[in-house]
Amino acid sequence: MTKRLTEVAKKAGVSEATVSRVLNGRDGVSETTRTAVLTALDVLGYERPTKLRGERARLVGLVLPELQNPIFPALAEVVTGTLAQRGYTPALCARTIGGVSEMDYVEMLLDHQVSGVIFAGGSYALADARHDHYRRLTDRGLPVVLVNAGVDELGFPRVSTDDAVAVEQAYGHLRSLGHERIGMVLGPEGHVPSRRKLDAMVQAAGWGEADAECVERSSFSMEGARVAATKLVERGVTGIICASDVLALGTIRAARRLGRTVPTDVSVVGFDDSAFMTCTDPPLTTVRQPIETMGQAAVDLLVTQIEGAGVLHDELLFEPELVVRGSTAPAPGR
């Protein structure tokens, strides 16, 4: 008990006596200090006294699929900083292979009486995944915001990059360089943002059934992308649009292993503009997601719900930006 008081007091920046008064429900503590103590208790993983469990902490969960892809730490930086400015304490939950699942994290966050949750890259974006844990949040009336497209029936507010505009920019760029045989490396079949990108490509390029061989699916890993892109290059594709920067890097590796040069033989366009894409060989042409604006918008939507104001459950679409670097060049023979 003494150890707990010491840790909570240090975390909240108050005396142990103040922590004791809060935990025992005594008067003489300001609401701000009381909130700071309860938030510290939640962050440190200590269980609240029974009489205090019904009150939500000023704690917000941010659930990410991984931290290896630089785009997710970039989003986490924006969201956690914005939450802190609004007086909330972020709880970062990053899934790992064989580790804690998204469903498990939801249970942990509910146990800690969080005020709301922001999800990015979760199973909400996979049409064939289980979505029961999201419905638990709905049943509890907990504010939730999703970053990037998810299945429609969940009904949560969404903050997304406009996938159609992203593909139009990438396709237009490759066409302007004279590429006629253009392919795509996308995420899994049920991945909603990848579906949107494919639909946009069908519209932009006028694809029909015969063009199905210009699309390959992959997990969001460099090795998966290498396998998928190898098939496209062997079919004579000279320009490849990828659903993430990680997939684009795997695509470049595939071209090189086949003895092709990027961008002389094969041009590659990524998606995200995550950290270090200026440092790759060659520097990656990519479509930049406006992560800072999107992260701030996600927090604004969540806080608005927490404070009891209604929000539209429509999807907010943010326009991406094509960033041209060294991985694209005129088509061979041009």
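Figured I'd write up the structure that's included with this text. (Residues numbered from 1 in each chain as written. Predicted model: local features only at pLDDT ≥ 70, side-chain atom pairs only at ≥ 80, totals over all residues. Heavy atoms only, no water.)

### Quick word on the pattern of salt bridges
Consideration 1: Throughout the structure, instances matching the rule amount to 17 salt bridges.
Consideration 2: Between R325 and D273 there is a salt bridge, with its nearest N and O atoms 3.0 Å apart. Of the two residues, R325 is situated in the segment after strand 12 (321–323) and D273 in the loop between strand 9 (267–272) and strand 10 (285–288); the sequence distance between them amounts to 52 residues.
Consideration 3: One connected set of salt bridges, linked through shared partners, spans D273, R288, E321 and R325. (Salt bridge = Lys/Arg side-chain N within 4 Å of Asp/Glu carboxyl O. Helix = DSSP H or I, 4+ residues; strand = E, 2+ residues; numbered from the N terminus.)

### Notes on the side chain of S244
Consideration 1: For S244, the location among the structural elements is in the loop between strand 8 (239–242) and helix 10 (245–257).
Consideration 2: At 3.4 Å, the side chain of S244 forms a polar contact with the backbone nitrogen of V246.
Consideration 3: Side-chain polar atoms of S244 contact the backbone nitrogen of L247, separated by 3.1 Å.
Consideration 4: Beyond its immediate stretch of four places on either side in the chain, S244 contacts F220, G270, F271 and D272. (Polar contact = N/O pair within 3.5 Å; in protein donor to acceptor, adjacent residues only side chain to side chain. Contact = heavy atoms within 4.5 Å.)

### A word on the packing of helix 4 (residues 71–85) against helix 11 (residues 291–306)
When two helices pack together, their arrangement is given by the angle between the helix axes and by the axis-to-axis distance.
Consideration 1: Their axes nearest at 9 Å, the elements helix 4 and helix 11 cross at an angle of 45°. In terms of their interaxial angle, helix 4 and helix 11 are classed as oblique. Crossing of helix 4 against helix 11: the hand is right-handed. Two secondary-structure elements touch here, helix 4 through I71, A74, L75, V78, V79, T82 and L83 and helix 11 through I291, E292, G295, Q296 and V299.
Consideration 2: Counted by class, the contact of helix 4 with helix 11 contains eight nonpolar, three polar and one charged residues. (Axes fitted to C-alpha atoms, helices over the stretch in contact; angles between N-to-C directions. Parallel < 35°, antiparallel > 145°, perpendicular 65-115°, else oblique. Left-handed = near helix turned anticlockwise from the far one by under 90°. Nonpolar A, V, L, I, M, F, W, Y, C, P; charged D, E, K, R; others polar.)

### Overview of the environment of P157
Consideration 1: With respect to the element layout, P157 can be found in the loop between strand 4 (144–147) and strand 5 (158–161).
Consideration 2: Given a relative accessible area of 0%, P157 falls into the buried group.
Consideration 3: Linking P157 and G295, residues 138 residues apart in sequence, is a C-alpha distance of 13 Å.
Consideration 4: Not counting residues up to four positions away in its chain, the partners in contact with P157 are V144, V145, L146, L301, Q305, V311, L312, H313 and D314. (Buried < 20%, exposed > 50% of the residue type's maximum accessible area, 1.4 Å probe, protein only.)

### Points about the sheet that holds strand 6 (residues 182–186)
To summarise the sheet geometry, strands pair through backbone hydrogen bonds and adopt either a parallel or an antiparallel arrangement.
Consideration 1: Spatially, six strands are ordered 7-6-8-9-10-12 in an open sheet, and the strand pairing comes out mixed. What marks the edges here is a single partner per strand, and that holds for strand 7 (215–217) and strand 12. Looking at each pair of strands side by side, their axes are set apart by 20° on average, direction ignored.
Consideration 2: Alignment of strand 8 against strand 9, held across three bridges, turns out to be parallel. Bridge pairing links I241 to V269 in strand 9.
Consideration 3: Strands strand 6, strand 7, strand 8 and strand 9 of the sheet are contacted by helix 8 (residues 192–205), whose axis makes an angle of about 170° with strand 6. (Pairing = 2+ DSSP bridges.)

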